[in-house]
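# Fold and contact review
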Amino acid sequence: MRVAITGNDAAALAMKQINPDVVAAYPITPQTQIVQTFSQYVHNGEVDTVFVTVESEHSAMSAVVGAAASGARTMTATSANGLALMWEILYIAASLRLPIVMTVVNRALSAPINIHCDHSDSMGARDSGWIQIYSESAQETYDNLIQAVRIAEEARFPVMVCQDGFITSHSVEVLDVLEDKEVREFIGEYKPAYSILDVDNPITVGPLDLFDYYFEHKAQQIVDMPKAKDVVLKIGEEFGKKFGRKYGLFEAYMTDDAEVVVVVMNSAAGTTKAVIDELRSKGEKVGLLKPRLFRPFPAAEIAEILKGKKVAVLDRAMSFGAQAGPLSIEIQSALYLAGATASDTPVSSFIYGLGGRDITTDNIKHAIDVAKEGRHGHFEMLNVRE
Amino acid sequence: MLEIRWHGRGGQGAVTAAKVLAKAIVKAGKYVQAFPEYGPERRGAPVKAFDRIDDKPIVIHSQVYEPDVVVVIDPTLVTAVNVTEGLKNGGVVIVNWQDDVDKLKKLLGRDDIQLWTVDASRIAMDELGREITNMPMLAAVVKALEVVELDVVKEAAREFGIPKIEANLKAMDRAYEEVSKR
C-alpha cells in the first residue's frame, strides 16, 4: 500500500507494526509527533505494548534498559536535547548489550534555542556504543526501523535510527507500507539470551567492575561492534529480497566513473542526487556516497569507493576545535588507512545546515566546484553569513 | 516537477490544504511532498506551505524558491507579503479575492502570470459560517491545475478528518464551479 505520510508518522507506523513489548518515552518537547501518534495506537488497542510515559529522557532510557534486561523487546524515541539528556544511560544500554531500538529525529542542540535540523544530537552520541543508522527519507526511516529490530537482536547492540528533523520528520512524503504480517514475520519472535526475571537462571547486570575486569568487558565491545557490519549487510539483503528495497552499509550513487564524489548523510543526500542528475545530463562526472551506517563505520568499504576521486564531505554538525566535522574526519581517517594520499584523493570539508539552515542545490554545486579543484584540507561553511 | 507555494495565516489551514492535496496526489498514483515553512506558530501571522508533485519519485529536500504555482487563501496577504516572490515566468496565481480583479492585477504587478480568482471567503461564510478558506481554495487549485480529480481530493479530505466535512465538501464543489481564469 502506498500512502502520503510524514516521517514522524512513518516511524510511528513502523513501531506499531513492530509491536514492541515496552515503549518508554518522555512525552513533551523536544519529543516529536512519533510518540503522540504511537500513544494513539496504544489507546486504540492496536498494539500490545506497555507504554510508559516518564518524567525525562534520562528516565525513558533507564526504563527501557530495565525492560530490555528483563527480556522485553523495547523501543523509545527522542530528539535534540532529549537525546543529550539520555547521555549517561546511552552508554549503560550499549555496555549491557541491550537490543533497544530508538528512533531519533535529528535536531540542533541549544544554545541558542533552535528546534530545527542538524546532526549535533546523534553525532554527540557517536562514541556511546550504539549502532547508528541514518535515513534519507520517510521510506528509509520506516525500512531502517524494521531492520533495526533484527540488527539489534542479532548484533546485541542498541540501534538508533536517525532522520532529519522537520525536513523529513514533518514533511509528507510517499511511503510504501508493508503488511503487518510481513513485518511480524520479518522481525520474528524475540528470544532473549538472558533475563533478570528468569529466577531459575540468575544473572547479574551492571555490577561494580574495576581495573580487574572492566577493560575485558570494554574489549568485547571494541571487538564485537565492527562485526555488526555483517549483520547490517545480511539483514539489508534479506529485506531487499523480501520487499524489493535493498539496503547496504552505504548508498553509492553514480560513483563508478565519477571524478568528484559528494559524501553526505540523510535528507541532503536526496538533494545531492538531484544535483548529480542535473550535472550528469551536462556530462559532468559526479557521484554521491551516502553513509547509511555511521557506527560501526564501514571505513575500508567506503575508502574503496572513494580512493582516487576528488571528495567533498558535507557535515551537518561540528566537533568544535577539530579539523573538520565528524563525518569528514571519519572519511579522511578511512582514506589514510587505505593508503590514499592528498594528491590522489583530495578531501574538501564543508559544514552546512546547522539549526535547519537550508542547503540549496547551488550550495552543493559550489562544494563540487571546490572539490573539483582538488583543494585538499579545504574547510568551509556553506550558506552562512560572514 | 510542479512546485506549489501556499500563503495563508496561522490557523487558516494552509498547511492542512497542502497535506490533503498530497494525500490525493498519492491516491492518483503520483509522487508528492508537502511541507510547511516552520517558524514560531502564531495564529494570524503569515505562513507558507509547499507541495511538490511529480510522476517520478522526488529526492530533492531543499526549500522551494521558484514555485510554478502560488495560492493565496487570505486576500489580505496580497498586500502584506510578496506573494509572487520567485514565481516562475508564466506561473499560476490562485487568489481568494472578492474585490476588483484589475486592482488585484495591479497589486500583483506581473503581466506574465496566469491568474485565477474565487471568492472563497464568501463561500466559506455561506457554507461553514467561518472564514476558513483552505478547502474551497484547494478545490480551486484542483480546477486550475488539473493534476488530480476533485472527487479524489474530496475523498482525501474526508479521510484526513477535516472538520465540518459535509459543509466543506459543499464549499469545495462551489469553489470548483466558481473559480475563474482572469
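All figures in this text were calculated on a predicted structure; none of them were measured in a lab. (Residues numbered from 1 in each chain as written. Chains lettered and ligands numbered in written order. Predicted model: local features only at pLDDT ≥ 70, side-chain atom pairs only at ≥ 80, totals over all residues. Heavy atoms only, no water.)

### Remarks on the overall build of chain A
If you tally the helices and strands in chain A, you get 14 helices and 15 strands. Computed over C-alpha atoms, the radius of gyration of chain A comes to 21 Å, within 12% of the 21 Å expected from 2.2 N^0.38 for 386 residues, which places it in the range of a compact globule. Buried positions account for 58% of the 386 residues belonging to chain A. A fraction of 80% describes how many contacts in chain A between residues 6 or more apart in sequence connect residues 24 or more apart. Total accessible area on chain A stands at roughly 15,900 Å², and carbon and sulfur atoms take up 53% of it. (Helix = DSSP H or I, 4+ residues; strand = E, 2+ residues; numbered from the N terminus. Rg over C-alpha atoms; globule rule 2.2 N^0.38 Å. Buried < 20%, exposed > 50% of the residue type's maximum accessible area, 1.4 Å probe, protein only. Contact = heavy atoms within 4.5 Å. Areas by Shrake-Rupley, 256 points an atom, 1.4 Å probe, with all protein chains shown as cover.)

### Quick word on the sheet that holds strand β7 (residues 159–164) of chain A
All names here are of chain A. Pairing is mixed across the open sheet formed by seven strands, whose spatial order is β3-β2-β4-β5-β7-β6-β12. For this open sheet the edge positions go to β3 (50–53) and β12 (293–295), each flanked by a neighbour on one side alone. Between one strand axis and the next, the sheet turns by 20° as a mean value, whatever way the strands run. (Pairing = 2+ DSSP bridges. Axes fitted to C-alpha atoms, helices over the stretch in contact; angles between N-to-C directions.)

### So, the pairing of strand β4 (residues 69–72) of chain B
Residue and element names in this part refer to chain B. Of the two faces of β4, the one holding Val69 and Val71 and the one holding Val70 and Val72 are both buried throughout. One ladder, built from four bridges, connects strand β1 (residues 2–9) with β4; its direction is parallel. Each bridged residue has a counterpart across the sheet, and for Trp6 the counterpart in β4 is Val71. Bridge count between β4 and strand β5 (residues 92–96): four bridges; the pairing is parallel. In the strand pairing of β5, Val70 is matched with Val93.

### Points about the interface of chain B and chain A
Listed as interface residues are 18 residues of chain B and, on the opposing side, 23 residues of chain A. Looking only at chain B, the three residues that lose the most surface to chain A are Tyr38, Val59 and His61 of chain B, adding up to 37% of its buried area. Counting every contact that joins chain B to chain A gives zero salt bridges. Secondary-structure elements contributing two or more residues to the side of chain B that touches chain A are α1 (14–27) and β2 (31–36) of chain B. (Buried area = accessible area lost by both parts, 1.4 Å probe. Salt bridge = Lys/Arg side-chain N within 4 Å of Asp/Glu carboxyl O.)

### Quick look at the sheet that holds strand β13 (residues 310–315) of chain A
All names here are of chain A. On the basis of which strands lie adjacent, the open sheet formed by six strands has the order β9-β11-β10-β13-β14-β15 and mixed pairing. Every interior strand has two partners, whereas the edge strands, β9 (250–253) and β15 (379–381), have only one. For this sheet the average axis-to-axis angle between neighbouring strands, irrespective of direction, equals 20°. Here strand β14 (residues 347–351) pairs with β15 via three bridges, running parallel.

### Some details on the packing of aromatic side chains
Residue and element names in this part refer to chain A. Scanning all chains against the criterion turns up nine aromatic pairs over all chains. Here Phe239 and Tyr247 contribute two aromatic rings whose centre-to-centre distance is 5.9 Å and whose plane-to-plane angle is 70°, an arrangement assigned as edge-to-face. Grouping residues by exposure puts Phe239 and Tyr247 together as buried. With 5.6 Å between their ring centres and 75° between their planes, Phe294 and Phe297 make a pair best called edge-to-face. Of the two residues, Phe294 and Phe297, neither departs from the other in class, the shared state being buried. Taking the ring centre of Phe157 as reference, the NZ or CZ of Arg97 above it sits at 4.1 Å. (Phe/Tyr/Trp six-rings, centres within 6.5 Å; stacked < 30°, edge-to-face > 60°. Lys NZ or Arg CZ within 6 Å of the ring centre and 35° of its normal.)

### As for the packing of α1 of chain B against helix α6 (residues 150–160) of chain B
All names here are of chain B. Two elements in contact, α1 and α6, have axes whose closest approach is 8 Å; the angle formed by their N-to-C orientations is 120°. The angle between α1 and α6 falls in the class oblique. The crossing of α1 and α6 is right-handed. For the pair α1 and α6, the contacting residues are Thr16, Lys19, Val20, Lys23, Ala24 and Lys27 in the first and Val152, Val153, Glu155, Ala156, Ala157, Glu159 and Phe160 in the second. (Parallel < 35°, antiparallel > 145°, perpendicular 65-115°, else oblique. Left-handed = near helix turned anticlockwise from the far one by under 90°.)

### Re helix α8 (residues 180–187) of chain A
All names here are of chain A. All of the buried residues in α8 are Val183, Phe186 and Ile187. Down the axis, α8 shows its buried residues gathered within 85° of arc, on one side only. Those residues of α8 that are exposed and aimed more than 90 degrees away from the buried face are Lys181 and Glu185. Residues of α8 that are buried in the fold lie against α1 (7–18), α7 (138–155) and α10 (228–243). Two residues or fewer past α8, Gly188 is found with a positive phi of approximately 65°. (Arc of directions from axis to C-beta.)

### Observations concerning the pattern of salt bridges
Tallied over the full model, the rule gives 46 salt bridges over all chains. Residue Lys181 of chain A pairs with Glu185 of chain A through a salt bridge whose shortest N-O separation is 3.3 Å. Placement of both Lys181 of chain A and Glu185 of chain A in helix α8 is noted, with a separation of four residues, approximately one turn of the helix. Residues Lys181 of chain A and Glu185 of chain A agree in their burial class; the two are exposed. Overlapping salt bridges bring together Asp119, Arg122, Asp126, Glu127, Lys170, Arg174 and Glu178 of chain B as one network.

### Some words on the nonpolar core
All names here are of chain A. Of all hydrophobic cores here, the largest spans 93 residues; its most connected members are Met61, Ile131, Tyr142 and Ile146. Looking at this core element by element, the count peaks at nine residues for α7. Among residues more than four places away in sequence, those in contact with Ile146 are Ala14, Ile18, Leu178, Val183, Phe186, Ile187 and Phe239. (Core = buried A, V, L, I, M, F, W, Y, C linked by side-chain atoms within 4.5 Å.)

### Here's the deal with the side chain of Lys19 of chain B
Note that Lys19 of chain B resides in helix α1. Here Lys19 of chain B occupies a buried position and makes no salt bridge, while the nearest side chain of opposite charge, Asp9 of chain A, is found at 6.9 Å. With near-sequence residues (within four places) excluded, Lys19 of chain B lies in contact with Thr6 and Val172 of chain A together with Ala34 and Phe160 of chain B. (Lys, Arg positive; Asp, Glu negative; His and termini not counted.)

### Regarding the side chain of Thr6 of chain A
Note on placement: Thr6 of chain A falls in strand β1 (residues 2–6). Under the relative-accessibility criterion, Thr6 of chain A is labelled buried at 9%. Setting aside chain neighbours within four positions, we find Thr6 of chain A in contact with Thr168, Ser169, His170, Ser171 and Val172 of chain A together with Lys19 of chain B.

### Digging into the environment of Lys309 of chain A
Residues and elements named next belong to chain A. Position of Lys309 relative to the elements: it lies in the loop between α12 (299–306) and β13. On a C-alpha basis, the gap between Lys309 and Val223 in space is 31 Å, while along the polypeptide they are 86 residues apart. With residues up to four places along the chain from it excluded, the contact list for Lys309 reads Thr255, Asp256, Asp257, Ala258, Glu259, Val261, Asp344, Thr345 and Pro346. A polar atom in the side chain of Lys309 sits 3.1 Å from the backbone oxygen of Thr255. Reaching out from Lys309, the side chain makes a polar contact with the backbone oxygen of Asp256 at a distance of 3.2 Å. (Polar contact = N/O pair within 3.5 Å; in protein donor to acceptor, adjacent residues only side chain to side chain.)

### Concerning the state of the cysteines
Residues and elements named next belong to chain A. In this structure the tally under the stated criterion is zero disulfides over all chains. Unpaired in this structure, Cys117 has its nearest cysteine sulfur neighbour in Cys162, at a distance of 10 Å. Its relative accessible area of 1% is what places Cys117 among the buried residues. Residue Cys162 is classed as buried on the basis of its relative accessible area, which comes to 0%. (Disulfide = S-S within 2.5 Å.)

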